[in-house]
Amino acid sequence: MRLKNRVALITGGTSGIGEATALLFAREGARVAITGRNEERGLGVVERIKQLGRDAIFMRADVSRAEDCERAVDATLRAFGRIDILFNNAGVFYPQTAMECSEREWDEQIDVNLKGTFLMSKCALTTMIAQGHGVIVNNASGWGIVGGDHAVAYCASKGGVVLMTKAMAIDHGAQGIRVNCVCPGDVETPMLPADAKMRGLKWEDYIAGCASRPLGRVGTAEEIAKAVLFLACDDSSFMTGAALVVDGGGTAD
């Protein structure tokens, strides 16, 4: 019960890492608000949380739109009265070089991954500052620390998230707010087979490539969720501005 009586707002909470984190937070005692674009999946996650005996709400939202971010924060405050934890998890990815990436695809990745993290943080910070406490965890990437092939816009957006995390940690530490980011490697979520398909690779060949990592496998959404929980709870009370890499040793290779 490391999050007993706390309120968490999770973007992109309808699948993958966001869904796993929402369920883990609920099991640890949190009341959970999730956003996403797929209402059916979002309501399904809410129902699973309620079966755990926790309160939860879903808001359909596009984090690249300021009005949607404001609406998500307002809805969370109306439902639960405060926001103790914000997990900026929503993200998109297209595997392309600079030559292949269209302006639309560049804009979407920067707008969702980087701008969306900024907008949601800006909205949540207002109430966190008024409370005198809060925790923000941003979902960056191992490719926000080192480069990756065919991922120019994604790397740019996630590298921005890493440094924005550090900048916000410096700006808001004195206000009682901790800001950290988790940097996953290859994780078994819906994004992974989509990446394989867009690269024109068979799934077995794609997974074989992932096996070259020191731990020899891809991660699970639940493993990343546990790292997010660590950053969100008091176990990491002396951590801020950190980029926690959880990638099976990929960036160490």
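Here is what the cut-offs are and how they apply
- Residues numbered from 1 in each chain as written.
- Predicted model: local features only at pLDDT ≥ 70, side-chain atom pairs only at ≥ 80, totals over all residues.
- Heavy atoms only, no water.
- Axes fitted to C-alpha atoms, helices over the stretch in contact; angles between N-to-C directions.
- Helix = DSSP H or I, 4+ residues; strand = E, 2+ residues; numbered from the N terminus.
- Parallel < 35°, antiparallel > 145°, perpendicular 65-115°, else oblique.
- Left-handed = near helix turned anticlockwise from the far one by under 90°.
- Contact = heavy atoms within 4.5 Å.
- Salt bridge = Lys/Arg side-chain N within 4 Å of Asp/Glu carboxyl O.
- Buried < 20%, exposed > 50% of the residue type's maximum accessible area, 1.4 Å probe, protein only.
- Pairing = 2+ DSSP bridges.
- Patch = residues over 30% accessible without salt bridge, like charges linked within 9 Å, V, L, I, M, F, W, Y side chains within 5 Å.
- Areas by Shrake-Rupley, 256 points an atom, 1.4 Å probe, with all protein chains shown as cover.
- Right-handed = clockwise from strand over helix to strand, strands pointing away.
- Expected span 1.5 Å × (residues − 1).
- Arc of directions from axis to C-beta.

**Considerations on the packing of helix 4 (residues 103-131) against helix 5 (residues 152-172)**
Part 1: Running from N to C, helix 4 and helix 5 cross one another at 15°; their axes reach a closest spacing of 8 Å. Between helix 4 and helix 5, the crossing angle belongs to the class labelled roughly parallel. Here helix 4 and helix 5 pass one another in a crossing that is right-handed. Residues Trp106, Gln109, Ile110, Asn113, Leu114, Thr117, Phe118, Ser121, Leu125 and Ile129 of helix 4 pack against Val152, Ala153, Tyr154, Ala156, Ser157, Lys158, Gly160, Val161, Met164, Met168 and His172 of helix 5.

**A closer look at the pattern of salt bridges**
Part 1: In this structure the tally under the stated criterion is 14 salt bridges.
Part 2: Across the pair Arg37 and Asp62 runs a salt bridge, and its minimum N-O distance is 3.7 Å. Here Asp62 lies in the loop between strand 3 (56-60) and helix 3 (66-80) and Arg37 lies in the loop between strand 2 (31-36) and helix 2 (39-51), a separation of 25 residues in the sequence.
Part 3: Since its relative accessible area comes to 45%, Arg37 is described here as partly exposed.

**Regarding the sheet that holds strand 4 (residues 85-88)**
Strand pairing in a sheet is mediated by backbone hydrogen bonds. Such pairs are either parallel or antiparallel.
Part 1: Reading across from one edge, 3-2-1-4-5-6-9 is the order of the seven strands in this open sheet, with parallel pairing throughout. At either end of the open sheet lies a strand with only one pairing partner, and these are strand 3 and strand 9 (243-246). Pairwise comparison of adjacent strand axes, ignoring direction, gives a mean angle of 15° for this sheet.
Part 2: Packed on one face of the sheet, helix 5 meets strand 5 (134-139), strand 6 (177-184) and strand 9 and runs near 160° to strand 6.
Part 3: Strands in contact with helix 8 (residues 221-232) are strand 4, strand 5, strand 6 and strand 9; relative to strand 6, the strand with the most contacts, it is inclined by about 165°.

**What about a nonpolar patch on the surface?**
Part 1: There is a patch of nonpolar side chains on the surface, built from Ile145, Val146 and Val245 and spanning about 200 Å² of accessible area.
Part 2: Its place among the elements puts Val245 in strand 9.

**Quick look at the pairing of strand 6**
Side chains on a regular strand alternate between the two faces of the sheet.
Part 1: Within strand 6, eight of the eight residues are buried, leaving the element largely enclosed by the surrounding structure.
Part 2: Burial of strand 6 is two-sided: the residues Ile177, Val179, Cys181 and Cys183 facing one way and the residues Arg178, Asn180, Val182 and Pro184 facing the other way are all buried.
Part 3: Both strand 5 and strand 6 contribute to a ladder of six bridges, which runs parallel. The partner of Gly134 across the bridge, within strand 6, is Ile177.
Part 4: Of the crossover connections in this fold, the one passing from strand 5 over helix 5 to the parallel strand 6 is right-handed.
Part 5: Of the strand pairs in this sheet, strand 6 and strand 9 are connected by four bridges, and their pairing is parallel.

**Things to note about helix 3**
Part 1: Look at helix 3: 21 Å from first C-alpha to last across 15 residues, which is about the 21 Å you get at 1.5 Å a residue.
Part 2: Of the positions making up helix 3, those classed as buried are Asp68, Cys69, Ala72, Val73, Ala75, Thr76 and Phe80. The arc enclosing the buried residues of helix 3, seen along the axis, measures out at 160°, which places them on a common side.
Part 3: Residues of helix 3 that are buried in the fold lie against strand 1 (7-10), strand 2, strand 3 and helix 4.
Part 4: Downstream of helix 3 by one or two residues, Gly81 has phi in the positive range, about 90°.

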